[in-house]
Amino acid sequence: MRFLFLFLFVAAAALAQPRDTLTIGITQYPSTLHPNIENMAAKSYVLGFVRRPLTAYDADWSLVCLLCETLPTLENGLARLETTPDGRPGLRITMRLRAGLRWGDGTPITSEDLRFAWEAGRDPATGFGPAELYRSMYELIVIDARTVEIRVDRVTFDFASMGDFQPLPAHVERAIWQADPRAYRTRTLYDREPTNPALWSGPYRVSAVQPGQGITLERNPMWSGVAPHFRTIRIRTVENTTALEAQLLAGQVDMIAGELGLPVEQAAALERRTQGRFRVEYRAGLIYEHITPNLDNPALADRRVRQALLMAVDRQRIVDQLFGGRQTVAHSNVNPLDRMADSAVHRWPFDAARAAALLDEAGWRAGPDGIRRNAAGDRLALDLMTTAGNRSREQVQQVLAAQWRAVGVEARVRNEPPRVFFGETQRQRRNQGLSMFAWISAPESVPRSTMHSDEIPTAARNWSGQNSGGFRNAEVDELLERLPITLDTEARRPLWARLQAIYAEELPALPLWFRQDAHVWPMWLEGVRPTGHLNASPLWAEQWRAR
Amino acid sequence: MIAARLAQIAITTVALSFVFFMLIGLMPGDPIDLAIAGDPRLTAEDAARLRALHGLDQPLLSRYLAWVGAVLSGNPGFSRLFAQPVAALIGPALLSTLTLLGFALGIAVIAGTALGVLAALRPRAAPAVQTLALLAQSVPGFWLGIMLIIVFAVWLGWLPAGGADGGWRGLILPVATLAFANLAAYARHAASAMASALHDPWIRSARARGASESRIAWRHAFPNAAVPVITLIGLDAGALVSGAVITEALFARPGMGKLIFDAIMGNDTNLALLALLVVAVVTMLGSLGADLAQRALDPRIR
């Protein structure tokens, strides 16, 4: 009897023991832990736990303050219109850090840390990724230990979005940067000594790093916000999703992050097989899968051909059959969940008969082999390229090829590894046919880089620019220039509506769907709110709890 | 002879470094292209600035000479993918690969040779050995790996499904997967070499002298039959270091195969170059080792 009590006591104690470790599986390892060098999803995910930017878009896709005290607006006076020294319209933005913020070594986070980040970002030798933000911030004035004024040389509606401008610990990093800005990216402590607590400002700090394999995080005792529940978080990189699923089933990882996890179809199959062992949540995201036609190709330059190609594809059926209905069919490049999405945008139905009629009208008549030909006898045969090794896209390609063949269009599948595809093939616009890939953006992101005629890569511009289809439309150019400088939200709405209407009509890219992330959690995990964009869920990791 | 071979290895390594550098450099795309694909906010100005900063706007030959200069000064460069000095990455990956494939190859050699010798000595066992060898050769490694994971990690929960932090228990499934795949070649080579050796004239002489069958097999036939097996081990030395990409990926283990694959796909020239050179050098040293072992075993080639 005594043994029974002892057993029950031990068992009860074991059951009552709080879960204080969470092991997360992701499919990519961050190439650097420096917040400002190179952007990639894995880095955004890991850094979400250990450092905080000034602002971020939350799970409702609204801009919120994380390190700042109040979001600057024209109404609250923290943003003021002014004229730059060279006479252009500009803004003066006041950013005030929250009280009590400290780096992991106890040093307060101050305006000097913002000033250091600004100075390093402004110096082209430093090698930060997107530097447009720093180029626009032509002056930073320290008002007091927690307040800075930032003067920017342009007026844009998203001026308060300072996610890319984040404080860097000047007390440990400034000397390294000053010694040699060109070598800073290889000498920064973020990569040489990532377990240094002075680098981290989030609820966790990095406690161990195994390059390529995993990163271990521990609670940051200097964190001044809500105390996080988990004492230790282990992030394990398993690139092969089959292996990742096996590790989940074997209990080696507790959850799979949706931001960098299983494809939806694999998650749906796992959900069916394991029935109630895991919670799988699907979150619509801002990754836009599309097909970019090269408009230098005379066949694709004809809008009717592009419209016919889209109508010949049953996108909803593809989503239902290949992805278990888990993707959101796209009708333009604006996600339906975006506040600027126009629900009245034209939706091209699946209509093979109309597609065939449009091709007839465009001068492409059925040939003896079933493939259409124009008056010159050219066959309507197009290269269809995507990233080799991406199973989902390769499956979709097969369906597309079959559905296009049914209306007399031949799609020749020609895939390349991502480094080749995104290298010269896309950059130098070498594919004269159709390219299937994805763009990721932030909420209400003006698609200037992918739609403006100034962004068409050409040899004269050293192939820079991301409008790889070569789309030109004067009205779109004007809209893309007016949208950022239209500060009033309601005044922007008709501009966005017009942009989407032109997109749906002209089809600079054939919209496929917006990808969903599949988040796989243990039943005992609560409080994770996936966002669907690059400001990943760990930015709110202090709200994660074990039941 | 050894000095001449070592000199040959050194010259070949230098030539290979040039060939590898040019081949990697001539591949389409550069790291900035990949960065742009992942971040549409990178402007044309950013791309040009970053290319200049990384030296990607320089001619390939100047970049090669700069790399050679850096290597000669003891700095083989920085990995773009892992933000670490490349030398610091190759050591652990090489150790992990050598551990994994060393055990796998050791088991494959011992078990495969034993089965081959058994097939040669006991003709009635030959069909069973041949069937096993055929099975080992035809079962795809990734399928076997997945099956082993499902049975031993997911269903039974005895062993970890992967990762490098499982200690010796984490080695069992990947070693078993690789050893089974490699076993067939050693069994077949050992069987045919042993069968051939057992018909040589000196075996008849040994029998005529009244030597026991076990002495004939192990003292006279086996050393001769071992020569082709050793050649095979020497050839496998390259594979030993270049790793087994599929097994490493399936069991989420770090290793040279995965490192080289990631480095090439991720446009990490410094890392890919050094890793490929390490593989080339070890392959050449393995071949030298096999030659030396053959000379020790077979007086005719001394």
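Nothing here was measured: the structure is a model prediction, and the numbers come from that model.

Draft legend 1. Fine view of the pairing of strand S6 (residues 137-144) of chain A. All names here are of chain A. The pairing of S6 with strand S7 (residues 147-152) spans six bridges and is antiparallel. Residue pairing across strands places Glu-139 opposite Arg-151, the latter belonging to S7. In this structure, the hairpin formed by S6 and S7 is closed by a connection of two residues.

Draft legend 2. How the structure looks around the side chain of Arg51(A). Residues and elements named next belong to chain A. Looking at the element boundaries, Arg-51 is found in the loop between helix H2 (41-50) and strand S2 (55-57). Put simply, Arg-51 is tucked away with no salt bridge, and the nearest opposite charge, on Asp-164, sits 7.3 Å away. A polar contact of 2.4 Å, which involves the side chain of Arg-51, links it to the side chain of Gln-166.

Draft legend 3. Region of interest: the pattern of salt bridges. All names here are of chain A. Tallied over the full model, the rule gives 44 salt bridges over all chains. Across the salt bridge formed by Glu-119 and Arg-115, the nearest N and O atoms sit 3.8 Å from each other. Linking Glu-119 with Arg-115, this pair stays in helix H3 (residues 111-122), spanning four residues, or about one helical turn. By relative accessible area, Glu-119 is classed as partly exposed at 23%. On the basis of relative accessibility, which here comes to 24%, the residue Arg-115 falls in the partly exposed class.

Draft legend 4. Highlighting the packing of helix H12 (residues 315-323) of chain A against helix H14 (residues 391-405) of chain A. Residues and elements named next belong to chain A. Two elements in contact, H12 and H14, have axes whose closest approach is 11 Å; the angle formed by their N-to-C orientations is 140°. By the angle class used here, H12 and H14 are oblique. Considering how the two elements wind past one another, H12 and H14 form a crossing that is right-handed. Every residue of H14 that contacts H12 at Ile-318, Leu-322 and Phe-323 is listed here: Ser-392, Gln-395, Val-396, Val-399, Leu-400 and Gln-403.

Draft legend 5. Looking closely at the packing of helix H5 (residues 86-121) of chain B against helix H13 (residues 269-297) of chain B. Residue and element names in this part refer to chain B. Packing of H5 against H13 brings their axes to within 10 Å, and their N-to-C directions diverge by 45°. As summarised for this structure, H5 and H13 are arranged oblique, according to the angle between their axes. Crossing angle aside, the handedness with which H5 passes H13 is right-handed. Judged by residue contacts, Val-86, Ala-87, Leu-89, Ile-90 and Leu-94 of H5 engage Asn-270, Leu-271, Leu-274, Ala-275 and Val-278 from H13.

Draft legend 6. Fine view of the packing of aromatic side chains. Residue and element names in this part refer to chain A. Tallied over the entire structure, the rule returns 21 aromatic pairs over all chains. Members of the aromatic cluster, each reached through a chain of ring pairs, are Tyr-45, Phe-49, Tyr-204 and Trp-544. The ring of Tyr-282 carries Arg-326 above its face, with NZ or CZ at 3.9 Å from the centroid. For Arg-492, the ring lying beneath its charged end belongs to Phe-157, and the centroid distance is 3.8 Å.

Draft legend 7. Region of the structure containing the sheet that holds strand S4 (residues 79-83) of chain A. All names here are of chain A. In space, the four strands of this open sheet follow the order S4-S5-S7-S6, with antiparallel pairing throughout. The sheet terminates laterally at S4 and S6, the two strands that pair on one side only. Within this sheet the neighbouring strands show an average axis-to-axis angle of 25°, counted without direction. In the packing of H3 onto the sheet, the strands contacted are S6 and S7, and the crossing angle to S6 comes to about 165°.

Draft legend 8. Representation of the interface of chain A and chain B in the model. Facing 50 residues of chain A, the contacting portion of chain B comprises 51 residues. Roughly 4100 Å² is buried in total at the junction of chain A and chain B, and carbon and sulfur atoms are behind 55% of that figure. Inspection of the region where chain A meets chain B yields one salt bridge. Between Glu239(A) and Lys258(B) there is a salt bridge; the shortest N-O distance is 3.4 Å. Where chain A meets chain B, there are five residue pairs in polar contact (both at pLDDT 80 or more). Within the residue set of the side of chain A that touches chain B, elements represented by two or more residues are helix H4 (132-136), helix H6 (184-187), helix H8 (241-249), helix H15 (418-427) and strand S18 (434-440) of chain A.

Draft legend 9. The arrangement of the state of the cysteines in detail. All names here are of chain A. Scanning the entire structure with this criterion turns up one disulfide over all chains. Put simply, Cys-65 and Cys-68 are joined by a disulfide, and their sulfur atoms are 1.8 Å apart. Handedness of the Cys-65-Cys-68 disulfide follows from its S-S torsion of about -105°: it is left-handed.

Draft legend 10. Broad picture of the pairing of S18(A). All names here are of chain A. Taken across its seven residues, S18 has six buried, putting it largely inside the fold. Alignment of strand S12 (residues 278-293) against S18, held across seven bridges, turns out to be antiparallel. The residue bridging Pro-293 from the neighbouring strand is Leu-434, located in S18. Note: strand S16 (residues 381-385) against S18, two bridges, orientation parallel. Within S18, the residue paired with Met-385 across the bridge is Ser-435.

Here is what the cut-offs are and how they apply
- Residues numbered from 1 in each chain as written.
- Chains lettered and ligands numbered in written order.
- Predicted model: local features only at pLDDT ≥ 70, side-chain atom pairs only at ≥ 80, totals over all residues.
- Heavy atoms only, no water.
- Pairing = 2+ DSSP bridges.
- Helix = DSSP H or I, 4+ residues; strand = E, 2+ residues; numbered from the N terminus.
- Buried < 20%, exposed > 50% of the residue type's maximum accessible area, 1.4 Å probe, protein only.
- Lys, Arg positive; Asp, Glu negative; His and termini not counted.
- Salt bridge = Lys/Arg side-chain N within 4 Å of Asp/Glu carboxyl O.
- Polar contact = N/O pair within 3.5 Å; in protein donor to acceptor, adjacent residues only side chain to side chain.
- Axes fitted to C-alpha atoms, helices over the stretch in contact; angles between N-to-C directions.
- Parallel < 35°, antiparallel > 145°, perpendicular 65-115°, else oblique.
- Left-handed = near helix turned anticlockwise from the far one by under 90°.
- Contact = heavy atoms within 4.5 Å.
- Phe/Tyr/Trp six-rings, centres within 6.5 Å; stacked < 30°, edge-to-face > 60°.
- Lys NZ or Arg CZ within 6 Å of the ring centre and 35° of its normal.
- Buried area = accessible area lost by both parts, 1.4 Å probe.
- Disulfide = S-S within 2.5 Å.

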